[in-house]
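Residue-level structure breakdown
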Amino acid sequence: MTTAEKQALKEKIEKLLQETEIKVKEYEELCRPISPENAIGRVSRMDAINNKSVAEAALRTAKRKVEKLNTALSKLEEPDFGTCSSCKRPINPKRVMLMPESTRCVRCASR
Ligand SMILES: [Zn+2]
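In this text, all values refer to a predicted model and were calculated from it rather than measured experimentally. (Residues numbered from 1 in each chain as written. Predicted model: local features only at pLDDT ≥ 70, side-chain atom pairs only at ≥ 80, totals over all residues. Heavy atoms only, no water.)

Time to look at the overall build of the chain. Tallying secondary structure elements over the chain gives 4 helices and 0 strands in all. In sequence order, the secondary structure elements of the chain are arranged as α-α-α-α. For a compact globule of 111 residues, the expected C-alpha radius of gyration is about 13 Å, and the chain comes in at 19 Å, more than 25% above that figure. Seen through its principal axes, the chain has C-alpha atoms that stretch 60 × 30 × 15 Å. Counting all 111 residues of the chain, 22% fall into the buried class. Nonlocal contacts in the chain, meaning residues at least 24 apart in sequence, comprise 55% of its contacts between residues at least 6 apart. Of the roughly 8200 Å² of accessible surface on the chain, 54% is carried by carbon and sulfur atoms. When the 23 basic and 16 acidic side-chain charges of the chain are each reduced to a single mean position, those positions are 8 Å apart. (Helix = DSSP H or I, 4+ residues; strand = E, 2+ residues; numbered from the N terminus. Rg over C-alpha atoms; globule rule 2.2 N^0.38 Å. Buried < 20%, exposed > 50% of the residue type's maximum accessible area, 1.4 Å probe, protein only. Contact = heavy atoms within 4.5 Å. Areas by Shrake-Rupley, 256 points an atom, 1.4 Å probe, with all protein chains shown as cover. Lys, Arg positive; Asp, Glu negative; His and termini not counted. Charge placed at Lys NZ, Arg CZ, Asp CG, Glu CD.)

Following this line, the structure appears as structure tokens:
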């Protein structure tokens, strides 16, 4: 990877981090406990519980992504950045740009 490519990638990761952190806050909002007075009827309460578990799953995913993006950012200057953690071959730069949080190449990730 060239210095210019790394700079572009760094900016991309920082942008993704910002977006994902906003999502984390939104999901945290949705994950707040449902108070009984907000439950209009049994059906809407069931709906709320259902949405809550969806939001909780999304929150976990978003938090994991923040961690991975931070890891990618801290490893950007390491010589093995962009190398697959499984097969040690270079990851397709297009994939790195698209999913900087990924530490494995397409082949290893789909196994
Ligand atoms: Zn691989």
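Next comes the rest of the write-up.
Should pLDDT be low for a region, the predicted coordinates there are not to be read in detail. Taken over all residues, the pLDDT of the chain has a mean of 89, while the share at 70 or more is 91%. Confidence, expressed as mean pLDDT per element, reaches its minimum in the chain at helix α2 (residues 42–75) with 88 and its maximum at helix α4 (residues 106–109) with 95. (pLDDT = per-residue confidence, 0-100.)

This part takes up the environment of Lys-12. Assignment of secondary structure puts Lys-12 in helix α1 (residues 3–30). Sequence-wise, Lys-12 and Asn-51 are 39 residues apart; in three dimensions their C-alpha atoms are separated by 31 Å. The residues touching Lys-12, leaving out its near neighbours within four places in the chain, are Met-97, Leu-98 and Pro-100.

Here the zinc ion is held by the protein donor atoms Cys-84 (SG), Cys-87 (SG), Cys-105 (SG) and Cys-108 (SG), which lie 2.2 to 2.3 Å from it. Taken together, the 4 donor atoms coordinating the zinc ion span angles of 105 to 115° at the metal, a pattern that classifies the geometry as tetrahedral. All donors of the zinc ion belong to a single chain; written as a sequence motif, their spacing is C-x2-C-x17-C-x2-C. Residue class for Cys-84 comes out buried when judged on its relative accessible area of 1%. For Cys-87, a relative accessible area of 26% puts it in the partly exposed group. (Donors = N, O, S within 2.8 Å, 3.2 Å for Na, K, Ca; no water. Tetrahedral: all angles 85-135°; square planar, octahedral: opposite > 155°, others 65-115°.)

For Lys-88, which is not a glycine, the phi torsion comes out positive at approximately 65°. The topology assignment puts Lys-88 in the loop between α2 and α3 (93–98).

Let us look at α1. For α1, spanning 28 residues, the distance from its first C-alpha to its last is 41 Å, which sits close to the expected 40 Å at 1.5 Å a residue. Looking only at α1, the buried set comprises Leu-9, Ile-13, Leu-16, Leu-17, Thr-20 and Val-24. (Expected span 1.5 Å × (residues − 1).)

With that settled, consider the pattern of salt bridges. According to the stated counting rule, one finds 5 salt bridges in the structure shown. Residues Glu-14 and Lys-10 are paired through a salt bridge, measuring 3.6 Å at the closest nitrogen-oxygen approach. Placement of both Glu-14 and Lys-10 in helix α1 is noted, with a separation of 4 residues, approximately one turn of the helix. A salt bridge links Lys-15 to Glu-19; its shortest N-O distance comes to 3.3 Å. One end of the pair, Lys-15, and the other, Glu-19, are both in helix α1, 4 residues apart, so they sit about a helical turn from each other. The exposure class assigned to Lys-15 is exposed, which follows from its relative accessible area of 53%. (Salt bridge = Lys/Arg side-chain N within 4 Å of Asp/Glu carboxyl O.)

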